[in-house]
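This is what each chain is made of:
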Amino acid sequence: MDNKKKGMNPILPGFYPDPSICRVNDDYYLVTSTFAYFPGVPIFHSRDLVHWNQIGNILERKEQLPLVNAETSEGIFAPTLRYHDGTFYMITTNVTPTNDINNFIVTATDPAGPWSDPYPLDSAGIDPSLFFDDDGKAWYCGSINGNDKTPPRRYPAEDRIYIQQLDLATGKFIGERHIVSSGYAINSPYAEAPHIYKINGKYYLMIAEGGTWEDHAVSIFTADQVTGPYTPFICNPVLTHRHLGNDIDITTIGHADWVQTQNGDWYAVMLGVRPVNGYNMLGRETFLTPVSFQGEQPIFNPGIGRVLMEDKFPNLPESPVALLPARDDFDTDSLRFCWNFLRTPFERWYELKNSRLYINLRPQKATELVNPSLIARRVEDHRFKAITSMNFKPSSVNEEAGMIIMQNDRFQYRLVLVGKGKTPQELRLILVKDGKEEILARVPYKINEVVLAVQGDGLKYSFLYGTSEDQLEFLGKDVDATVCSTNVAKGFIGPFVGMYASSNGKVSKNKAAFDWFSYSKY
């Protein structure tokens with residue numbers, strides 16, 4: 001193929017942060033963080049590094065991922081994916097206060113699963129990574145953050161990278177913990193996301209520092225032994241966009257991982273943000289850029305030095321993937337991989353039947369740290385339209401069902417059909433901002449079948465309703481979408497849009513039936 005052909009970043013649009021990648025022969029596999037969403041850690045496959053197809057979720061069983069009372073930006077942090085001697089290893093952290101397991105490993109011989117139950121590790125900190133040396137020894141590399149006080153921090157936000165040998169058969173650590181770096185810059189904050197590589201007999205330690213937002217950066221250190229001492233490269237940080245200003249098309253570049261192609265070329269995946277007038281509207285996404293070695297020195301995107309929205313394809317046979325239709329008619333036995341729950345569903349409260357998705361109304365609410373009756377997908381585009389057709393007959397004033405777009409429990413919009421009280425059955429557009437709920441618009445709606453839509457356009461959302469997809473009218477036009485940005489809502493995730501039902505604190509036997517759901521960019 002013509003390796004001058006241009007490809008588009010991001011390779012995974014929407015909330016897909018902290019990417020980690022590995023290659024097995026001609027196949028590439030990639031995982032990302034999921035925080036408080038379930039199932040956890042989506043896994044993707046590619047043969048050309050540009051076109052990716054989700055083949056499963058690594059943490060798909062409730063026993064693997066107990067997310068109880070987790071804040072939306074808690075849960076699964078920074079997974080690392082590695083392959084060694086016929087086995088895939090995924091190592092990560094579950095940052096949930098109610099969880100007994102912090103860092104753990106799961107394994108599989110088939111990357112599509114099933115994956116094992118977690119093997120807990122007695123390790124401190126976050127962002128664990130595995131490195132398999134030539135002699136077969138396994139090494140753990142992680143970041144000790146502020147939750148671990150030994151040794152105490154020498155300055156605010158000092159996180160330390162450490163390395164220790166790990167016995168994979170027992171899950172026990174061997175020997176001493178080697179603290180090898182606190183970052184390259186003087187008083188560098190938040191040294192994290194470490195990965196170790198061995199290239200031409202030299203050990204490379206790649207980390208992130210500066211925090212996961214606009215000051216994010218990638219730094220490199222080398223050593224002659226896996227435990228160090230590690231010497232920083234004089235030209236660190238080797239990759240950052242912080243010097244380009246916040247008006248650039250991609251900010252927040254960092255948290256990288258390397259992979260070498262079967263042709264000997266090197267590439268890096270990393271997270272980044274596509275801002276709109278300074279607002280992060282989609283969360284941190286996954287990007288790709290080439291890497292070349294100038295002697296021992298890695299050069300990211302040679303001659304350019306930054307990640308581009310449009311760049312040359314890798315020198316690999318182009319392998320497009322078949323995309324699912326924008327419209328999901330719920331005519332399969334299981335949900336598509338794109339659908340997610342908020343926190344772990346310990347009970348089955350939905351059903352796929354007769355080409356419909358039925359969602360039970362339950363007392364749990366999307367404004368609480370619970371598992372609500374919510375099934376949602378990532379918003380992947382600045383200009384998008386999400387539409388669903390719902391049949392729902394509310395039986396009391398506390399019942400509601402419809403569409404939701406949210407950043408977390410305290411920042412969201414709901415477009416819902418609600419029950420009769422002193423007023424007729426009606427459609428409501430509800431804003432939740434900083435935990436305070438407000439009805440922005442309402443209209444009587446007597447029938448039980450309704451088409452609901454949300455349309456995104458940069459910093460604005462518009463909400464529509466009607467009896468059919470071709471006859472929609474506005475209930476709220478050009479309302480403030482920055483409510484669902486990380487600038488306003490804070491946290492580490494991106495917005496999700498989907499279907500929602502709740503009986504708002506009371507027991508109900510009612511259900512909402514969704515005929516289809518469509519998501520598309522425009």
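Coordinates for the structure precede this section.
Residues numbered from 1 in each chain as written. Predicted model: local features only at pLDDT ≥ 70, side-chain atom pairs only at ≥ 80, totals over all residues. Heavy atoms only, no water.

Asks: Go over the sheet that holds strand 9 (residues 103-108), please, and point to the residues and values.
Replies: Each strand in a sheet pairs with its neighbour through backbone hydrogen bonds, running either in the same direction (parallel) or in the opposite one (antiparallel). If you walk across this open sheet you meet the 4 strands as 7-8-9-10, and the pairing is antiparallel. Every interior strand has two partners, whereas the edge strands, strand 7 (75-84) and strand 10 (119-121), have only one. The sheet shows a mean angle of 25 degrees between the axes of neighbouring strands, taken without regard to direction. Strand direction decides the pairing type here: strand 9 and strand 10, joined by 3 bridges, are antiparallel. Residue pairing across strands places I105 opposite Y119, the latter belonging to strand 10. (Pairing = 2+ DSSP bridges. Helix = DSSP H or I, 4+ residues; strand = E, 2+ residues; numbered from the N terminus. Axes fitted to C-alpha atoms, helices over the stretch in contact; angles between N-to-C directions.)

Asks: Break down the pattern of salt bridges for me, citing the residues and quoting the values.
Replies: This structure, assessed with the given rule, holds 25 salt bridges. With a shortest N-O distance of 2.9 Å, D457 and R383 are connected by a salt bridge. Linking D457 in strand 35 (residues 449-457) with R383 in strand 30 (residues 383-391), this pair joins segments that are 74 residues apart in sequence. With relative accessibility at 38%, the residue D457 sits in the partly exposed group. Classification of R383 as partly exposed rests on a relative accessible area of 37%. (Salt bridge = Lys/Arg side-chain N within 4 Å of Asp/Glu carboxyl O. Buried < 20%, exposed > 50% of the residue type's maximum accessible area, 1.4 Å probe, protein only.)

Asks: Go over the sheet that holds strand 23 (residues 297-300) with me, naming the residues and quoting the values.
Replies: Here we have 4 strands laid out as an open sheet, ordered 20-21-22-23, and antiparallel in their pairing. The sheet is open, and its two borders are formed by strand 20 (251-260) and strand 23, each paired with just one other strand. Going across the sheet, the axis of each strand differs from the next one's by a mean of 35 degrees, ignoring polarity. Where strand 20 meets strand 21 (residues 266-273), 6 bridges bridge the pair, whose relative direction is antiparallel. Pairing of T251 across the sheet is with V273, part of strand 21.

Asks: Explain the side chain of Q64 to me, and be specific about the residues and the numbers.
Replies: Within the secondary structure, Q64 sits in the loop between strand 6 (53-59) and strand 7. In this structure Q64 comes out as buried when scored by relative accessible area, which is 1%. One polar contact links the side chain of Q64 to the main-chain carbonyl oxygen of I58, over a distance of 3.4 Å. From its side chain, Q64 meets the backbone oxygen of W115 in a polar contact 3.3 Å long. (Polar contact = N/O pair within 3.5 Å; in protein donor to acceptor, adjacent residues only side chain to side chain.)

Asks: Pulling in residues and values, what's your account of the layout of surface pockets?
Replies: Roughly 1300 Å³ of internal volume is contained in the largest pocket. In this structure, the largest pocket is lined by 36 residues; those nearest its centre are P13, W52, L323, R377 and E380. Of all the secondary structure elements, the ones that give two or more residues to the lining of the largest pocket are strand 6, strand 25 (327-328) and strand 39 (511-521). Here the lining of the largest pocket gets 4 residues from one element, more than from any other, and that element is strand 39. (1 Å grid on protein atoms, 1.4 Å probe; cavity = no way out; pocket = protein on both sides within 12 Å on 5 of 7 lines; lining within 4 Å. Points joined across faces, edges and corners; volume = space filled by probe spheres on them.)

Asks: Kindly report on unusual backbone geometry, identifying the contributing residues and their values.
Replies: In this structure, the amide linkage connecting G228 to the following residue, P229, adopts the cis form with an omega of 10 degrees. Relative to the helices and strands, P229 resides in the loop between strand 17 (217-223) and strand 18 (231-232). For the bond from N236 to P237, the omega torsion is -5 degrees, close enough to zero to count as cis. Of note, P237 is situated in the loop between strand 18 and strand 19 (239-240). In this model, Y190 sits at a positive phi of 60 degrees, which is unusual for a non-glycine residue. Mapped onto the secondary structure, Y190 falls in the loop between strand 14 (172-181) and strand 15 (192-199). At N354, a residue that is not glycine, the phi angle is positive and equals roughly 55 degrees. Tracing the backbone shows N354 in the loop between strand 27 (350-353) and strand 28 (356-360). Using a relative accessible area of 63% as the deciding quantity, one classes N354 as exposed.

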